[in-house]
Amino acid sequence: MIAGKHYDQTYAPSLTWATILTFLTLSIVHGWTTRQADFVLAYPQAKVPRPTYMELPKGVTLKGLHRNKHCLQVKQNIYGGKDAGQTWYLHLTKGLESLGFQQATQDKCVFFKGTIVLLVYTDDCILFDTTGSQKNIDKALKEMQTIFDVEDEGTLEDYLGIHVTKRNDGTIELKQPHLIDSILADLRLIHADGSPKSNTHTKDTPLMTTRVFGPDREGDQFDFPWEYRSLIGKLNFLEKSTRPDLAYATHQCARFMSDPKKSHGEAIKHIGRYLLKTREKGFIIQPDTSQPFECWVDADFCGNWDKDIAPLEPDTARSRHGFIIKLFGVPIFWQSKLQTQFALSPAESELLGISAAT
């Protein structure tokens, strides 16, 4: 990298949830063993790639040094740096390659060595052994510990805030109770002890289906005592991880983050009331080897069309598509979004949906 020229090129890849679901599904089908590990204080394990300096932290006094005259030279990568994520990722891949790991071509956060498969999400890891041996995983971890400060966290139970339960029938259940409770608490739908408030009514669906959900430019201003964007962020993570039933509702609400109205806030509360009723529900990985690979697609031609606001809101003419990609009957990737092109017929909107899915 050239100083000054590549200043904005700080990208570091992140493990996708579709990859995680794929390998968890394969682990059930083929009887692989799993283990969880964590890189302790990951970022500072890497050295900074170029001379880096920082001001003396406020409140820190060192003899002979003054904040207006002196600075500190940073030796190790630190959290909060512009390229901190990339610096750690490059250090990680270089170290793993020196141990004989090979990087996957389709997901740069997947590594292979012999019978070991390693998935890395920043500093959280899942290790699989394709022969079902725990000893091979023990050996791989010991090799990694010669280069990195990595901690063996044992059985896969809680990964990225998602509770993982291996059930007696061999299937895996994924739940996010803490995130759901956080959303419900933000929406003032539960008490501090987690019990529902007495005046809260639950809902059977994530979003009202009796009317078109639009920008509502003439509607009342958003006046709820919670942050709209923060709730959308939490709902996005929940939907992409374990609750595909929220995909449509969450995306519809996310469209209006820049200028939410009261009606959009009510829609978020509707999702919250649905979550309150289904807070114990999760995602069950139950493979069916008779269904190796499937892709289901559907499209709604101009489903958001509103002739009254169309002159000001041409996006109401956009069609929406949704798709689910399954491996052994297990959904591993799903999406619900407005199409980027304007379809001129139902057939065209279907074809655009199929194109997006493939």
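Before reading on, note that the structure itself is shown above.
Thresholds, definitions, all that
- Residues numbered from 1 in each chain as written.
- Predicted model: local features only at pLDDT ≥ 70, side-chain atom pairs only at ≥ 80, totals over all residues.
- Heavy atoms only, no water.
- Pairing = 2+ DSSP bridges.
- Helix = DSSP H or I, 4+ residues; strand = E, 2+ residues; numbered from the N terminus.
- Patch = residues over 30% accessible without salt bridge, like charges linked within 9 Å, V, L, I, M, F, W, Y side chains within 5 Å.
- Areas by Shrake-Rupley, 256 points an atom, 1.4 Å probe, with all protein chains shown as cover.
- Salt bridge = Lys/Arg side-chain N within 4 Å of Asp/Glu carboxyl O.
- Lys, Arg positive; Asp, Glu negative; His and termini not counted.
- Charge placed at Lys NZ, Arg CZ, Asp CG, Glu CD.
- Core = buried A, V, L, I, M, F, W, Y, C linked by side-chain atoms within 4.5 Å.
- Buried < 20%, exposed > 50% of the residue type's maximum accessible area, 1.4 Å probe, protein only.
- Contact = heavy atoms within 4.5 Å.
- Polar contact = N/O pair within 3.5 Å; in protein donor to acceptor, adjacent residues only side chain to side chain.
- Axes fitted to C-alpha atoms, helices over the stretch in contact; angles between N-to-C directions.
- Parallel < 35°, antiparallel > 145°, perpendicular 65-115°, else oblique.
- Left-handed = near helix turned anticlockwise from the far one by under 90°.
- Nonpolar A, V, L, I, M, F, W, Y, C, P; charged D, E, K, R; others polar.
- Phe/Tyr/Trp six-rings, centres within 6.5 Å; stacked < 30°, edge-to-face > 60°.
- Lys NZ or Arg CZ within 6 Å of the ring centre and 35° of its normal.

Remarks on the sheet that holds strand 6 (residues 116-121)
Overall, antiparallel pairing links the six strands, which are arranged 4-5-6-7-1-8 in an open sheet. The strands lining the two open edges of the sheet, one partner per strand, are strand 4 (102-103) and strand 8 (150-154).

Things to note about the pairing of strand 11 (residues 172-175)
Looking along a regular strand, one sees side chains alternate from face to face of the sheet. For strand 10 (residues 162-166) and strand 11, the ladder comprises four bridges, and the chain directions are antiparallel. Bridge pairing in strand 11 links His163 to Lys175. Hairpin geometry of strand 10 and strand 11 is characterised by an intervening segment of five residues between the two adjacent antiparallel strands and by a positive phi of about 90° at Gly170. Looking at chain direction, strand 11 and strand 12 (residues 283-285) are connected through three bridges and run antiparallel. Across the sheet, residue Ile172 finds its bridge partner in strand 12, namely Ile285.

Quick word on a negative patch on the surface
Negative charge collects at one region of the surface, where Asp216, Glu218, Asp220, Asp223 and Glu266 lie side by side. Topologically, Glu266 is positioned in helix 7 (residues 262-277).

Considerations on the nonpolar core
Among the nonpolar cores identified, the biggest contains 33 residues, and Leu21, Phe23, Leu119, Phe128, Leu174 and Ile285 are the most heavily contacted of them. Mapped by element, the contributors of at least two residues to this core are helix 1 (17-30), strand 6, strand 7 (124-129), strand 10, strand 11, strand 12, strand 14 (320-327) and strand 15 (330-338). The residues touching Phe23, leaving out its near neighbours within four places in the chain, are Trp32, Val110, Phe112, Val117, Leu119 and Phe128. Residues Leu184, Leu238, Ala254 and Phe256 belong to the second largest nonpolar core, which totals 27 residues.

Some remarks on the side chain of Glu313
Note on placement: Glu313 falls in the loop between strand 13 (293-300) and strand 14. Judged by its relative accessible area of 12%, Glu313 falls in the buried class. Within the structure, Glu313 has its side chain in polar contact with the side chain of Arg217 (distance 2.3 Å). Contact partners of Glu313, with chain neighbours within four places excluded, come to Pro215 and Arg217.

Side note on the packing of helix 4 (residues 177-186) against helix 5 (residues 228-241)
Helix 5 packs onto helix 4 with a crossing angle of 155° between their chain directions and a minimal axis gap of 10 Å. If you check the angle between helix 4 and helix 5, you find them roughly antiparallel. Here helix 4 runs over helix 5; the crossing is left-handed. Where helix 4 abuts helix 5, its residues Leu179, Ile180, Ser182, Ile183 and Asp186 lie against Leu231, Lys234, Leu235, Phe237 and Leu238. Considering only residue class, the contact of helix 4 with helix 5 consists of seven nonpolar, one polar and two charged.

Some words on the environment of Glu239
With respect to the element layout, Glu239 can be found in helix 5. Sequence separation of Glu239 and Ala249 is 10 residues, and the distance between their C-alpha atoms is 9.7 Å. Apart from the residues within four sequence positions on either side, Glu239 is in contact with Pro244, Leu246, Ala247, Thr250 and Trp334.

Observations concerning the pairing of strand 15
Note that strand 14 and strand 15 share eight bridges and pair antiparallel. Within strand 15, the residue paired with Gly322 across the bridge is Ser336. Hairpin connection from strand 14 to strand 15: two residues lie between these consecutive antiparallel strands, with Phe328 at a positive phi of about 55°.

A word on unusual backbone geometry
Excluding glycine, a negative phi dihedral is what most residues carry, and trans is how most peptide bonds are arranged. Of note in this structure, Arg188 is not a glycine but carries a positive phi near 60°. Tracing the chain through its elements places Arg188 in the loop between helix 4 and helix 5. Backbone geometry places Phe328, a non-glycine residue, at a positive phi of 55°. By the secondary structure assignment, Phe328 is in the loop between strand 14 and strand 15. Judged by its relative accessible area of 14%, Phe328 falls in the buried class.

Description of the pattern of salt bridges
According to the stated counting rule, one finds 15 salt bridges in the structure shown. Measuring nitrogen to oxygen at the nearest pair gives 3.7 Å for the salt bridge that ties Asp259 to Lys261. Across the pair Arg318 and Asp315 runs a salt bridge, and its minimum N-O distance is 2.8 Å. For Asp315, a relative accessible area of 33% corresponds to the partly exposed category. Within this structure, Arg35, Asp138 and Asp152 form a network of salt bridges that share partners.

A few points about the packing of aromatic side chains
Across all of its chains, the model carries 13 aromatic pairs by this definition. Measuring from ring centre to ring centre gives 5.9 Å for Phe23 and Phe128, while their planes differ by 35°; the resulting arrangement is tilted. Within this pair, whereas Phe23 is found in helix 1, its partner Phe128 is found in strand 7, the two being separated by 105 residues in sequence. There is no split in this pair, since Phe23 and Phe128 are both buried. Relative to Tyr228, the ring of Phe222 has its centre 5.6 Å away and its plane inclined at 85°; by these criteria the two rings are edge-to-face. Following the ring pairs from residue to residue traces out a cluster consisting of Phe222, Phe224, Trp226 and Tyr228. The ring of Phe342 carries Arg318 above its face, with NZ or CZ at 4.4 Å from the centroid.

In short, shape yes, function no, at least from these values alone.
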